[in-house]
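What the coordinates show
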Amino acid sequence: QVQLVESGGGLVQAGGSLRLSCAASGRTLSSSGMGWFRQAPGKEREFVAIISYSFGSVYGSTYYADSVKGRFTISRDNAKNTVYLQMNSLKPEDTAVYYCARQRVVRGTRPTDFDSWGQGTQVTVSS
């Protein structure tokens with residue numbers, strides 16, 4: 001069992017940047033794919049990005065939702081047991097609570113394909 005804690009959210013103007021962190025405790029993340037999701041008020045939790053299992057490296061295969069492709073970058077540092085989401089060129093529609101989670105189904109992109117959810121961090125992008 002792992003515990004995930006998101007941080008780095010805040011208020012930013014459109015076009016700005018923000019980097020989210022997801023720190024894990026209890027277990028090492030090196031053997032697990034990790035994902036970022038977001039949820040806006042009144043909406044379903046939405047897939048954002050996934051980084052695959054990576055052994056002995058900060059690199060891994062990545063996959064992004066079309067809505068964030070080219071603007072967001074997911075990365076991981078297994079030595080630090082941390083996953084990051086670099087968000088550039090932010091738009092008001094990116095406003096949401098952002099969650100990280102551990103992938104439990106290979107190639108899964110649905111919330112039910114993940115577990116060990118963090119508590120979320122609020123990202124607000126103003127116009």
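Residues numbered from 1 in each chain as written. Predicted model: local features only at pLDDT ≥ 70, side-chain atom pairs only at ≥ 80, totals over all residues. Heavy atoms only, no water.

What about the nonpolar core?
- Grouped together as the largest cluster of nonpolar side chains are 32 residues, with contacts concentrated most on W36, V48, F72, I74, L85, M87 and Y98.
- At the level of elements, β3 (18-25), β4 (34-39), β5 (46-51), β7 (72-77), β8 (82-87), β9 (96-103) and β11 (121-126) are the ones that each hand at least two residues to this core.
- Per element, the largest residue contribution to this core is 5 residues, and it comes from β5.
- Among all residues touching M87, those that are not within four sequence positions of it are G16, S17, L18, L20, R71, F72, Y98 and V123. (Core = buried A, V, L, I, M, F, W, Y, C linked by side-chain atoms within 4.5 Å. Buried < 20%, exposed > 50% of the residue type's maximum accessible area, 1.4 Å probe, protein only. Helix = DSSP H or I, 4+ residues; strand = E, 2+ residues; numbered from the N terminus. Contact = heavy atoms within 4.5 Å.)

Observations concerning the sheet that holds β7
- One open sheet holds the 4 strands; their spatial order is β1-β3-β8-β7, and the pairing between them is antiparallel. On the outer flanks of this sheet lie β1 (3-7) and β7, each paired with one strand and no other. Direction aside, neighbouring strands of the sheet carry axes that sit 15 degrees apart on average.
- Relative to β8, β7 is paired through 6 bridges, and the arrangement is antiparallel. In the strand pairing of β8, T73 is matched with Q86. (Pairing = 2+ DSSP bridges. Axes fitted to C-alpha atoms, helices over the stretch in contact; angles between N-to-C directions.)

Overview of the environment of D113
- For D113, the location among the structural elements is in the loop between β9 and β10 (114-115).
- A relative accessible area of 10% places D113 in the buried class.
- Each C-alpha atom of the pair D113 and Q103 lies 6.1 Å from the other, and the pair is 10 residues apart in sequence.
- Not counting residues up to four positions away in its chain, the partners in contact with D113 are R102, Q103, R104, V105 and G108.

What about the pattern of salt bridges?
- Going through the model one piece at a time under the given rule, you end up with 5 salt bridges.
- Residue R38 pairs with E46 through a salt bridge whose shortest N-O separation is 3.0 Å.
- Relative accessible area serves as the criterion here: at 5%, R38 is assigned to the buried category.
- You can call E46 partly exposed: its relative accessible area is 35%.
- In this structure, the salt-bridge partner of K69 is D66, at a minimum N-O distance of 3.3 Å. (Salt bridge = Lys/Arg side-chain N within 4 Å of Asp/Glu carboxyl O.)

Some details on the state of the cysteines
- Inspection of every chain in the model, using the stated rule, returns 1 disulfide.
- Here C22 engages in a disulfide with C100; their sulfurs sit 1.9 Å apart. With the S-S bond torsion at 65 degrees, the cross-link from C22 to C100 turns out right-handed. Of the two residues, C22 is situated in strand β3 and C100 in strand β9; the sequence distance between them amounts to 78 residues. Across this residue pair, the class does not change: C22 and C100 are buried. (Disulfide = S-S within 2.5 Å.)

A word on the pairing of β3
- One ladder, built from 5 bridges, connects β1 with β3; its direction is antiparallel. Note on β3: the bridge partner recorded for Q3 is S25.

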